[in-house]
Structures are given as C-alpha cells and as structure tokens.
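The primary structure of each chain is shown beneath.
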Amino acid sequence: MKKNLKIYLASPRGFCAGVKRAIEIVEKSLNKYGKPVYVRHEIVHNKQVVEDLKKKGAIFVEELSDIKDNTRPVIFSAHGVPKSVPKEAEQKKLAYVDATCPLVSKVHRESEQLYKRGYDIILIGHNNHPEVIGTMGQLPTGSIKLVETINDAATLNAKDFSKPVAFITQTTLSVDDTAEIIKSLKKKFPNIKEPVKEDICYATTNRQLAVKEIAPKCDIFFVIGSRNSSNSVRLVEVAKKAGCKNSMLMYFEKEIPKDDLRNSETIGISSGASAPEELVQNLLTEVKKDREVTIEQVVVAEEKVIFKLPKQLS
C-alpha cells in the first residue's frame, strides 16, 4: 500500500506576465516574419522554454555579432539590454523587437530620471545578471554603483558620494534580503531617495510570500526552475530561511531525490516565474507513482496583470 503524502502547492507560481509576454513576442515574430528569428540571450531563463522555441525556429545568440543573417529580425530578451545594443542593431541595419519586461523598463526609466536630476545612483542587484548589465548600461559607465550584499552596503563610504544618493533594485531579488540592505543604506545615507513604487516586481514578491507560508510545514521544498534563473534561486533561499532546510532547485536534468521523498510526510512545490506549469505537473505525476497524494493549493494572491505587446506585433 502506498504511504500518504501531503503536498502544499504554492500559488501564484510559474509564469509571470513579463515572461508570458516575452514568449508570445518570439512566437508572434515567427508568425509574422517567418523562420528563423534571432533572440539575443535566452528569452527567459528556462531551458525547456528555450528548447521549445528553438524547435519553432528561434536561433539564440549571446551577441548581435553572432547573427549570421542580418536580414532576419532579432528579439531582445525579457531581462533588458544596455543602450549600446539597440544602437548596434541600428548600425547593422537589423530589425529588432524589444521583449524587455515592462517592470524592468520602469527601472531603466527611473535610473535615467535620477541621473538627469543629479543623483548618485546605487543599484541593489547581482553582478553579471543580464538584468543588472542592462540597467547599468542605460547610463554612462561608472554612473551606477552596484551593491550585492549587506557587506557591500556596509563598506560604502558616504564621503565617496558628492551628490544626493538614490537607490534602485533588480526586479527579482529576495524581498527580505533587500529590505536588510536598504535598512543599512538608510543608516548610512539618511536622506537616500527610494523608488516611488518598489522595484522588486509583484510576481517575485507573490511567489516568495507563498513559499514563506508553506515552507515551515514541509519536510522537503521543491522549486522548479533553471539554475540561471535569479527568481527561482531566490525562492530556494526563501524556503530555507522560512524553515525548510531541505529545499532544492529542480532544474532540467535534476533527478527527484527518491530517498528523501520516501521519508517525507509533507512536501511543498513552487516554480520560478520563467518555469512552465507542465514541469510542475510532471513532478506531481512522478511523485504520485510512489505515494498516495493529497494536494492543498495555498493561494496568497490573485495575479491579473497583462502586458501589451510591442506595437509592431499587436
């Protein structure tokens, strides 16, 4: 007889509005322009999404210089690009479609306005993440100072800042860790200007809230998502911090830890904002082979956000 297993399923989970829009942009571009279309960088950080789009006729490149046929359009990924990229596309006479998430574009505009108004800008984010590269690339080199950790914030010297200070953040950070860093910055710069509406996006916040609610009740917590997906990796950290030490990222090639599962009575499942729902369903199917399963959906928010497509595709 199969042993009982309680599964807490986080909601919201999986695709956010920015990811849905980015994938739709690639599919609509293939319909409109035919095959192939080029995509600069993974459109979203999920291997399965990328593989599916490759089958449909998308060719993924890291730089515009990797494009073999300049008569074909190129799509910029949801993470956003530095200003130099559209400039380079124009020089090469490449037609491009920008799939930058509107919430990332909001941070780009914020940085430009702060710069124009004479602020020294601090960006809280992860070095070398494409979103951070894109945001820092909105302004001349050296205009934005990157802070990754609370230690980075602590080592900042107020004397090095000649102008009023403002901060912006990457959209996919841990809400709690970022709050700690902001607290540290406010101590050092009492008059620091913060975003009018916070930069961490609604989807990141909601997914972390759901994980926080569930993790303390679980023997294991699974987050489905790719290893290079910032928001998915953060969900694992959030689950561990919230009380489920045995929390792990279930990426493309990772095997289900059968031994751990055998000894568990409760598990939690969520997925990063770029992970397709079918991956969640596949995991549930696998688990059901060995266990008698009861599923409880834990809903912390309803997401009704929809982003419009770029003019050339709508």
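Preceding block: the structure.
Keep in mind that this is a model prediction, so the values were computed, not measured.

Novice: What's the story with the side chain of Thr171 in this structure? I'm lost.
Specialist: By secondary structure assignment, the location of Thr171 is in the loop between strand 8 (165-169) and helix 7 (175-188). Dropping the residues within four chain positions of it, Thr171 is found in contact with Leu103, Val104, Val107, Glu131, Asp199, Ile200, Cys201 and Thr204.

Novice: Would you mind showing me how to read the pattern of salt bridges here?
Specialist: Within the structure shown, the criterion is met by 19 salt bridges. Two residues, Glu277 and Arg13, come together in a salt bridge whose shortest N-O distance is 3.0 Å. Taken together, the residues Glu277 in helix 11 (residues 277-290) and Arg13 in the loop between strand 1 (3-11) and helix 1 (17-33) connect sequence positions 264 residues apart. Take Arg13: its relative accessible area is 16%, and that puts it in the buried class. Two residues, Lys83 and Glu112, come together in a salt bridge whose shortest N-O distance is 2.1 Å. Of this pair, Lys83 sits in the loop between strand 4 (74-76) and helix 3 (84-91) while Glu112 sits in helix 4 (residues 102-116), and the two are 29 residues apart along the sequence. Looking at Lys83, the relative accessible area reads 35%, which means it is partly exposed.

Novice: Just to check I follow, could you spell out the pairing of strand 11 (residues 266-271) for this structure?
Specialist: In the case of a regular strand, side chains alternate between the two sheet surfaces. Among the 6 residues that make up strand 11, 6 are buried, leaving the element largely enclosed by the rest of the structure. Along strand 11, one buried face is formed by Thr266, Gly268 and Ser270 and the opposite face, lined by Ile267, Ile269 and Ser271, is buried too. With 4 bridges connecting them, strand 1 and strand 11 associate as parallel partners. Looking at the pairing, Ile7 lines up with Ile267 of strand 11.

Novice: Hey, could you run me through the sheet that holds strand 8 in this one?
Specialist: Hydrogen bonds between backbone atoms are what pair the strands of a sheet, whose relative direction is either parallel or antiparallel. The sheet built from 3 strands is open, its strands ordered 7-6-8 with parallel pairing. Taken across any chain shown, the strands that pair with only one partner, and hence form the sheet edges, are strand 7 (144-147) and strand 8. When strand polarity is set aside, the average angle formed by the axes of neighbouring strands in this sheet is 30°. In terms of strand pairing, strand 6 (residues 120-124) meets strand 8 through 5 bridges, oriented parallel. Residue Ile122 lies in a different strand from strand 8, and its bridge partner there is Phe167. Against the sheet, helix 4 engages strand 6, strand 7 and strand 8, with an angle of about 170° to strand 8. Helix 7 contacts strand 6, strand 7 and strand 8 of the sheet and is inclined by roughly 155° relative to strand 6.

Cut-offs used in this document
- Residues numbered from 1 in each chain as written.
- Predicted model: local features only at pLDDT ≥ 70, side-chain atom pairs only at ≥ 80, totals over all residues.
- Heavy atoms only, no water.
- Helix = DSSP H or I, 4+ residues; strand = E, 2+ residues; numbered from the N terminus.
- Contact = heavy atoms within 4.5 Å.
- Salt bridge = Lys/Arg side-chain N within 4 Å of Asp/Glu carboxyl O.
- Buried < 20%, exposed > 50% of the residue type's maximum accessible area, 1.4 Å probe, protein only.
- Pairing = 2+ DSSP bridges.
- Axes fitted to C-alpha atoms, helices over the stretch in contact; angles between N-to-C directions.

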